[in-house]
Each structure stands twice: as C-alpha cells, then as structure tokens.
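Descriptive structure summary
Next come the chains, spelled out residue by residue.
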Amino acid sequence: MKTIIDQMPFGVVITSNQGLIQYSNDRAASMLACPQAKLGQQPILRVIPESNVIKAIKTNQPYLSTVSKKERDTFILFESMITGENDRKLGISVLFNNALVENLAFQSSKINELKQEFDLVMSLVGELVTIADQDGRIVRVNEACERIMGVSQKDFTGKPMDSLVREKVIDHSSTRKVIEEGRNVTIIQTTKSGRRLLVTGYPIFNEEGKLTKVINISKDITETDKLTKKLEETNQLLRHYHTELGKKDVKQEQQPLFKSKVMKDIHSLIYRLGDVDSTVLLLGESGVGKEVLARMLHQTSNRRHQPFIKINCGALPDTLIESELFGYAKGTFTGASKDGKEGLIVAADKGTLFLDEIGEMPLNTQVKLLQVLQEKRVTPLGRTTPVDVDVRFIAATNRDLEEMVEKKQFRSDLYYRLNIVPIHIPNLWTRREEIPFLAEYFLKRYNQQYFKQKYFGENTIEQLTKYSWPGNVRELQNTIERLVVTVVSDEIRGEHLPEHIRLQQRSHKYDTDLGLKEAVNLFEKELIEKTLEHCYTLKEASRILKVDPSTLTRKVRKFNIQIAKGKFEL
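Let us look at the structure shown here.

Conventions and cut-offs
- Residues numbered from 1 in each chain as written.
- Predicted model: local features only at pLDDT ≥ 70, side-chain atom pairs only at ≥ 80, totals over all residues.
- Heavy atoms only, no water.
- Helix = DSSP H or I, 4+ residues; strand = E, 2+ residues; numbered from the N terminus.
- Buried < 20%, exposed > 50% of the residue type's maximum accessible area, 1.4 Å probe, protein only.
- Contact = heavy atoms within 4.5 Å.
- Areas by Shrake-Rupley, 256 points an atom, 1.4 Å probe, with all protein chains shown as cover.
- Phe/Tyr/Trp six-rings, centres within 6.5 Å; stacked < 30°, edge-to-face > 60°.
- Pairing = 2+ DSSP bridges.
- Axes fitted to C-alpha atoms, helices over the stretch in contact; angles between N-to-C directions.
- Core = buried A, V, L, I, M, F, W, Y, C linked by side-chain atoms within 4.5 Å.
- Salt bridge = Lys/Arg side-chain N within 4 Å of Asp/Glu carboxyl O.
- Parallel < 35°, antiparallel > 145°, perpendicular 65-115°, else oblique.
- Nonpolar A, V, L, I, M, F, W, Y, C, P; charged D, E, K, R; others polar.
- Left-handed = near helix turned anticlockwise from the far one by under 90°.
- Expected span 1.5 Å × (residues − 1).

Looking at the overall build of the chain
- Helices and strands together make up the secondary structure of the chain, namely 25 helices and 21 strands.
- For the chain, buried positions account for 41% of its 570 residues.
- At a minimum sequence separation of 6, the contacts of the chain that also span at least 24 residues come to 56%.
- In the structure as shown, the chain presents an accessible area of about 31800 Å², 51% of it carried by carbon and sulfur atoms.

Here's the deal with the environment of isoleucine 188
- Structurally, the position occupied by isoleucine 188 is in strand E8 (residues 185-190).
- Ignoring anything within four residues of it in the chain, the contact list for isoleucine 188 reads His172, Arg196, Leu197, Leu198 and Ile221.

Observations regarding the side chain of threonine 352
- Locating threonine 352 in the fold gives a position in strand E15 (residues 352-356).
- Given the relative accessible area of 1%, threonine 352 is considered buried.
- In this structure threonine 352 touches His298, Arg303, Pro307, Phe308, Ile309, Val391, Arg392 and Ile394, once residues within four positions along its chain are discounted.

Some details on the packing of aromatic side chains
- Tallied over the entire structure, the rule returns six aromatic pairs.
- Pairing tyrosine 446 with tyrosine 450 gives two aromatic rings, centres 6.1 Å apart and planes at 15 degrees, and the pair type is stacked. With tyrosine 446 and tyrosine 450 both in helix H19 (residues 435-450) and four residues apart, the pair spans about one turn of that helix.
- You can call tyrosine 446 buried: its relative accessible area is 5%.

Some remarks on the sheet that holds strand E19 (residues 421-424)
- Reading across the sheet, the five strands line up as E12-E15-E18-E11-E19 and stay open at both edges, with parallel pairing between neighbours. Each edge of the open sheet is held by one strand with a lone partner, namely strand E12 (308-312) and E19. Across the sheet, the mean angle from the axis of one strand to that of its neighbour is 20 degrees, orientation sign disregarded.
- Sheet topology places E15 next to strand E18 (residues 392-397); four bridges connect them, and they run parallel. Paired with leucine 355 across the two strands is alanine 395, which belongs to E18.

Focus on the pairing of strand E2 (residues 21-24)
- Direction of pairing for strand E1 (residues 11-16) relative to E2: antiparallel, over a ladder of three bridges. Bridged to threonine 15 within E2 is isoleucine 21.
- The hairpin formed by E1 and E2 contains four residues between the paired strands, and glycine 19 there has a positive phi angle of roughly 90 degrees.

Brief notes about the nonpolar core
- Counting 31 residues, the largest nonpolar core has Leu325, Ile345, Leu353, Leu355, Ile358, Phe393 and Phe410 as its most contacted members.
- Elements supplying a minimum of two residues to this core: E12, helix H14 (318-326), helix H15 (344-347), E15, helix H16 (363-375), E18, helix H17 (401-406) and helix H18 (412-418).
- Considering every element that reaches this core, the biggest residue donor is H16, with four residues.
- When near neighbours in sequence (up to four residues on either side) are disregarded, leucine 353 contacts Ile309, Ile311, Leu325, Leu344, Ile345, Ala348, Val391, Arg392, Phe393 and Ile394.

Regarding the pattern of salt bridges
- Summed over the entire model, instances satisfying the criterion amount to 23 salt bridges.
- A salt bridge links glutamate 291 to lysine 310, with the shortest nitrogen-to-oxygen separation between them at 2.8 Å. Of this pair, glutamate 291 sits in helix H13 (residues 290-300) while lysine 310 is found in strand E12, placing the two residues 19 residues apart along the sequence.
- Classification of glutamate 291 by relative accessible area gives partly exposed; the value is 26%.
- Look at the salt bridges and you will find they share partners, linking Lys177, Glu181 and Arg183 into a network.

A short note on the packing of helix H24 (residues 538-545) against helix H25 (residues 549-558)
- The contact between H24 and H25 brings their axes to 9 Å, and the two run at 100 degrees. Considered as vectors, H24 and H25 are oriented roughly perpendicular to each other. Within the contact between the two elements, H24 uses Leu538, Ala541, Ser542 and Leu545 and H25 uses Pro549, Leu552 and Thr553.
- Residue composition of the contact of H24 with H25, grouped by class: five nonpolar, two polar and no charged.

Structural notes on the packing of helix H23 (residues 516-533) against H24
- Between H23 and H24, the least distance of the axes is 9 Å, while the angle of their chain directions is 125 degrees. Comparing their axes, H24 and H23 come out oblique. Handedness of the crossing formed by H23 with H24: right-handed. Of H24, the residues touching H23 (which contributes Leu527, Ile528, Thr531 and Leu532) are Leu538, Ala541, Ile544 and Leu545.
- Its residues assigned to classes, the contact of H23 with H24 shows seven nonpolar, one polar and no charged.

Observations regarding the pairing of E1
- Counting buried positions along E1 gives six out of six residues, so the element sits mostly inside the fold.
- Judged by which residues are buried, E1 turns out to be covered on both faces: Gly11, Val13 and Thr15 on one side and Val12, Ile14 and Ser16 on the other are all buried.
- Here six bridges tie E1 to strand E5 (residues 89-97), and the two strands are oriented antiparallel to one another. Note on E5: the bridge partner recorded for valine 13 is serine 93.

What about the sheet that holds strand E10 (residues 211-220)?
- Taken in spatial order, the five strands line up as E7-E6-E10-E9-E8 in an open sheet, and their pairing is antiparallel. Two strands lie at the open edges of the sheet, namely strand E7 (138-141) and E8, each paired on one side alone. Direction aside, neighbouring strands of the sheet carry axes that sit 25 degrees apart on average.
- As defined by bridge partners, strand E6 (residues 128-133) adjoins E10 across six bridges and the pair is classed as antiparallel. If you follow threonine 130 over to E10, its bridge partner there is asparagine 216.
- Most of the contacts of helix H10 (residues 174-181) go to E8, to which it runs at about 155 degrees, and overall it touches E6, E8, strand E9 (196-205) and E10.

Looking at helix H21 (residues 472-486)
- For H21, built from 15 residues, the straight-helix expectation of 21 Å at 1.5 Å per residue is met to within 8% by its first-to-last C-alpha distance of 21 Å.
- Looking at H21, one finds that the buried residues are Asn472, Val473, Glu475, Leu476, Thr479, Ile480, Leu483 and Val484.
- For H21, the secondary structure elements touched by its buried residues are H19, strand E20 (455-456), helix H20 (460-466), strand E21 (491-492) and helix H22 (499-503).

Quick notes on H19
- With 16 residues, H19 should reach 22 Å at 1.5 Å per residue; the first-to-last C-alpha distance of 22 Å fits that figure.
- Buried residues of H19: Ile435, Phe437, Leu438, Ala439, Glu440, Tyr441, Phe442, Leu443, Tyr446 and Asn447, and no others.
- Positive phi appears at phenylalanine 451, one or two residues downstream of H19, with a value of about 55 degrees.

Structural data, given as structure tokens:
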C-alpha cells in the first residue's frame, strides 16, 4: 500500500489524534519542503499551521483549505478522519498542487462543455436517439422518448432492448440485429401505440475492434404523406398477388396481374409453354390482354433476347399484307422500294412473330402462311428461292374461328396448324375480382409517368368493380389514365368517373313481393342478357355460363331475349 501511495501525484500525510505525523509520502515531503525523515512524529501544526486535521478527527467532518507560503507553492489541503487498526482514529491530509487542481478544473470544464453540447444535440435532433451498451441495455435516450414511445426517459434508461420487445413496447429490436450482425442496419419498427418508425442502428467499436455501443436513430414515419404510404402498400399487395415469371430480365412493369384462378392457370400454362416452340392461339374479346400475354410468352421463352415482331392483320389492306409478311425483291412491283424489302417473318428469325387479329387475314394470304408454318421457309414476292426461318408463331383473334371455318371464311388447315395450344382469355367482367388490383396498378403507372400523386377515394374502387367493362382491360387502363390527367384534386372520387360508369346498374332491385321462382327467372334472364352482350356466339356464352349450348338456346327462347339478328344462330 505504501508503494502505491508513494506513486500518487499528490501528497498524503497521516496524523494521530494528538496531531503528530505518523506517515507522509515522498510527494508530501517535497511539497512541504521538508525531508521525509524529519516529518515523522512532528506536530502537524508546526509543519502546516493552517491544518484543521485535529478538528476533522474530533468532529468527523472534512475540511478543505488553501495553503500559500512564500517558500512553498500554493496547494489545496483536504483533511478528514480515517479509522486505523483497532478502530484507532487517525487524520489524513491530502495535498493537491495548485497546478494539478487547475488542470483538473480545466479538464472538468471541457468535459462539462462537451456534455452540454451532446445534451443539446440529443434534444435538438428531433428524432428518437437511443444508446445501448454491448449487451443491448439502454444507457441513454433523448427527450423524444416519451413523445414517440410513450415511455419516460427514466423508465426507458437501463432496460434491455429484448425486454422492450417482450413487453411489446416495440415489435422488434434494431439493437439486437446490430449486435448479431456487427454492421449498420435499417428496419421498420412498430411501437405499442401503433407508430411506425424508420430505425437505423450504428455499431461503435473500440480500438481493438470490439463492439462497445449501439446508437439508434429512429424517425417517426407514421405521419408520412398518405398517398405515398397508400401507393407503397398497394405495391406490396400487387407483388403479393403477382405470379413470378421466373425470368430475371422480365421487367416488373411488363408483367400482367393475376388474381382470378382462371388467369393464374393461364399464366402457369404460359410459363410452361416458354420452354417449347409450339404455336399458340390466343382467343378472347378485344382488350382482354392478348398482346400482353403474347409478349409475356416471348419473354419467358429461350427466344427472349431475339426480336418480338407484331403485325395486325386487320390494320393492313389486302394488297399490302403479303408484302409486309413475306417481303419482296427489287423491282417486284411499281412503287416498291428500289432495294426490295425484308418481310416481317424473316425479321422475326430466331424470335417470335405475333399475328394479331388473325381472323382478318385474307384467304389467299392464309395459304402462303400455312406453307411457312409447315416448311419453316418463306419465299419473298418476286423471288423463287426460299429463305429458311426459325420463328415461333403466336396468333390472336377476338372472332370465333371454328364458326369462320364452317362458313368457309377461314381455312381449316391453317386453323388446325394455329390451334395447337389454344388459350381462351375471359373478359374482365367474368374475372372482376382483378379490377381493384388492375386499377391500382394502372394508377401507379400513370402517377409515375405524369408525376402525379392521385389516389382513389373511399368508394371509387367499388364503383369501378360494379361496371361491366365491355372494352375489358384496355378500357379500364384508358379510363384510369384519363382520370389521372383530368381530375384536378389528388383524390379520385366516384363523382369523377365517366357518366356511363356511374349510371350503370349491375343488378336489379327485386320486388319483395316476388316469389322465389319469379325472382330466380328474373335473375337468370338478366345474367344471360349480360353475358350475351360480351359474346359473339351462343357457344362462347354457354362456355362462360357453364351450360350446354342447347340449354342456353332453350332459355333464350323461354325468356324471349332479343338478340342482334345475324349475330347469334339459335
């Protein structure tokens, strides 16, 4: 013990209760300018006249005084009673050099300033700041604790983060994640009061690389812009119900949305067809998404890095469709390009050719297309030498090709070549559970495209769902774009919808006086009428209604349902 006291940077003198010096260290002898050997058994008051150590022994009270002599440096004297062996009362005098005291005071002042600055930063930062030790126990928290967490600083400090999770003050801990992973982490945290916090945790390491502290900064995002939150949550819902294409290079915005079972089944089939080159025939009304599925089929195939060429067979005159499809040689006909032209079939080599509205293709062109499908070779107009091609064909139509074959309006041999894998895409009315998801999807797309922040009002989606959408997905998409660019307010309410959507009633108000049989008949009639509005043939309507065509024919006659003359054959 003596060795330790001798190394202290201050003087120590031990005095008996009579005031005689019992011990002094080297530092005390130097400060008192008296050899250590001469100090032994000297009265303390002779050496330090200002000493109050005898009073300290008698009163058991400490004394602090300043000693200043010409022959000695000024020093601070602290004196108090201590207990020695056999409970003998002794006095201790500690002599602090004035320079040491001033240095300690200066350092204390600087530390205090730093503490004040740190406290000021903690209070002004605005966000919740918590500091935890290496075990996850909170050692400090700022004033935002009570406002954000609903817990006082006093109750928060000293608690392990894990206990806060157990007590459900927070749903999970960023501190625990930082301790486990040893890196910065960012999480979304929900408090007991329902507030959502964006929390970023930062690890603090010592010189040895050991984790010593974790600092968490939590930003309250509960009041973040309503629209941004709504769009993000909608996006999460869309992703949840979105079928994964399984191809990394298929962009998310190009992926169709699937909610109904029938569309999920179609997507599953499309995905399986991506690995083969079989010809696919897409059937369905205008606007149901045939081109979207055609592009999706191309993107999921091993041809996805090659061209996807589309031709609308109904958009070109009969005189041009052959030259567009097959191409022509130099000088083939008047007005043609002097260098000739490569046809779309050759342009789609190694890729996919999408023949939209195939039912509108002239019969003479159908013959040549059939030859290409059979031989995988194409002969441009004006040439005799064929060109080998490797093309995957996808055809689409909104017409009943079987009926056209029966009426000699479409070649049967071409139909059977195209009809290897037929896919019937139902209209939007029969899969209306997808309308809310599609509406939100298109809303987000056009918000991004036109830099808007529109969102649907409380009953808008419900009104959209009740509309029959004769133009199918295309009509819905165009309607949403119109609303985004024309509605002045950010909120799109029911009153902003086009008049024909607002006025359409999808169900009868049945008279309560009707009997069950009359009500059932009325409902059957209404359902058949609505279905026939969206179909081209009774066969198609019977397939949607899941009844035999003869049954549907009988009910049309029974209910005297008026249908367009020539459109349906009974």
